[in-house]
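Read off the chains here:
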Amino acid sequence: LYGIMAHGHKQHWPGADAGFLGQRCLAWALGDQQVAEIVSKGLFFLTTNPWLILLLINLFLLFLGTFMESVAAITIAAPILFPLPSQGLNPVQFGVIFVLNLMIGVLTPPMAVVFFITSKIGEISFERAFKAVLPYYVALLLVLVLVNLFPVLTLGLPDLMLGRLQSNFQEV
């Protein structure tokens, strides 16, 4: 089974091994050079307001998702950004925000890989596909805002099942 999977991987993703290796090397280098601490200090130098820090992280992730594939963005940005809100933001909530931002970024032109692929499969123009999805895109941005402001939307059910409720920013 492993041989079949490895063969399929090589057939369908040429050059993917080099890409994954490059991502891992870059993630290691960023960790080795303590980039997370440098970014954290720089960000906290700008502001100590947790809501403003969360806004800056959201904007950065949307920008990153627009120009970079999601797996690569997570591999590179997660080690840098995860320590930033750790002083009060629930890690599960931060993970949901992280992935939601990157998902919206993948749908955002100029790259918009998802739209190029689906418009090619559906044999319609990119512009027509984007216009058809625009109302849903606005809804995704609204959901992103709501998830940032009201963590009970993502943490409510797990907290209810575990018998606890938490706020977005816990008391330190």
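Presented here is an overview of the structure given in this document. (Residues numbered from 1 in each chain as written. Predicted model: local features only at pLDDT ≥ 70, side-chain atom pairs only at ≥ 80, totals over all residues. Heavy atoms only, no water.)

Looking only at helices and strands, the protein chain features 9 helices and 0 strands. Walking the protein chain from its N terminus toward its C terminus, one meets helices and strands in the order α-α-α-α-α-α-α-α-α. Looking at the protein chain residue by residue over its 172 residues, the buried ones come to 32%. For the protein chain, long-range pairs separated by at least 24 residues make up 66% of all intrachain contacts whose partners lie at least 6 apart in sequence. Carbon together with sulfur atoms contributes 73% to the accessible area of the protein chain, which is approximately 11300 Å² in total. (Helix = DSSP H or I, 4+ residues; strand = E, 2+ residues; numbered from the N terminus. Buried < 20%, exposed > 50% of the residue type's maximum accessible area, 1.4 Å probe, protein only. Contact = heavy atoms within 4.5 Å. Areas by Shrake-Rupley, 256 points an atom, 1.4 Å probe, with all protein chains shown as cover.)

As a further point, take a nonpolar patch on the surface. Taken together, the side chains of Trp51, Leu142, Val145, Leu146, Leu149, Phe150, Val152 and Leu153 define a hydrophobic patch exposed on the protein surface, amounting to about 740 Å² of accessible area. Every element with two or more residues in the nonpolar patch is listed here: α8 (126–149) and α9 (152–162). A total of 4 residues in the nonpolar patch trace back to one element, the largest contributor, which is α8. Inspection of the secondary structure puts Leu142 in helix α8. (Patch = residues over 30% accessible without salt bridge, like charges linked within 9 Å, V, L, I, M, F, W, Y side chains within 5 Å. Salt bridge = Lys/Arg side-chain N within 4 Å of Asp/Glu carboxyl O.)

The next thing to look at is the packing of helix α4 (residues 50–67) against α8. Between two packed helices, the angle of one axis relative to the other and the distance separating the axes together describe the packing. Between α4 and α8, whose axes approach to 12 Å, the crossing angle comes to 150°. Put simply, α4 runs roughly antiparallel to α8. In terms of crossing hand, the pair formed by α4 and α8 is right-handed. Taken together, the residues of α8 that come into contact with α4 (itself represented by Trp51, Leu54, Asn58 and Leu62) are Leu144, Asn148 and Leu149. Taken together, the residues of the contact of α4 with α8 sort by class into 5 nonpolar, 2 polar and no charged. (Axes fitted to C-alpha atoms, helices over the stretch in contact; angles between N-to-C directions. Parallel < 35°, antiparallel > 145°, perpendicular 65-115°, else oblique. Left-handed = near helix turned anticlockwise from the far one by under 90°. Nonpolar A, V, L, I, M, F, W, Y, C, P; charged D, E, K, R; others polar.)

Bringing the packing of aromatic side chains into the picture now. For any pair of aromatic rings, the description rests on two quantities: the centre-to-centre distance and the angle between the ring planes. Applying the stated rule across the entire model yields 6 aromatic pairs. Relative to Phe130, the ring of Phe126 has its centre 6.4 Å away and its plane inclined at 10°; by these criteria the two rings are stacked. Note that Phe126 and Phe130 are positioned in helix α8 at a spacing of 4 residues, about one turn of the helix. Overall, the relative accessible area of 19% leaves Phe126 in the buried class. Classification of Phe130 as partly exposed rests on a relative accessible area of 21%. Relative to Tyr137, the ring of Phe130 lies with its centre 6.4 Å away and its plane at 55°, an arrangement referred to as tilted. A residue is classified by how much of its surface remains accessible, and Tyr137, at 14% relative accessible area, is buried. Members of the aromatic cluster, connected to one another through ring pairs, are Phe116, Phe126, Phe130 and Tyr137. (Phe/Tyr/Trp six-rings, centres within 6.5 Å; stacked < 30°, edge-to-face > 60°.)

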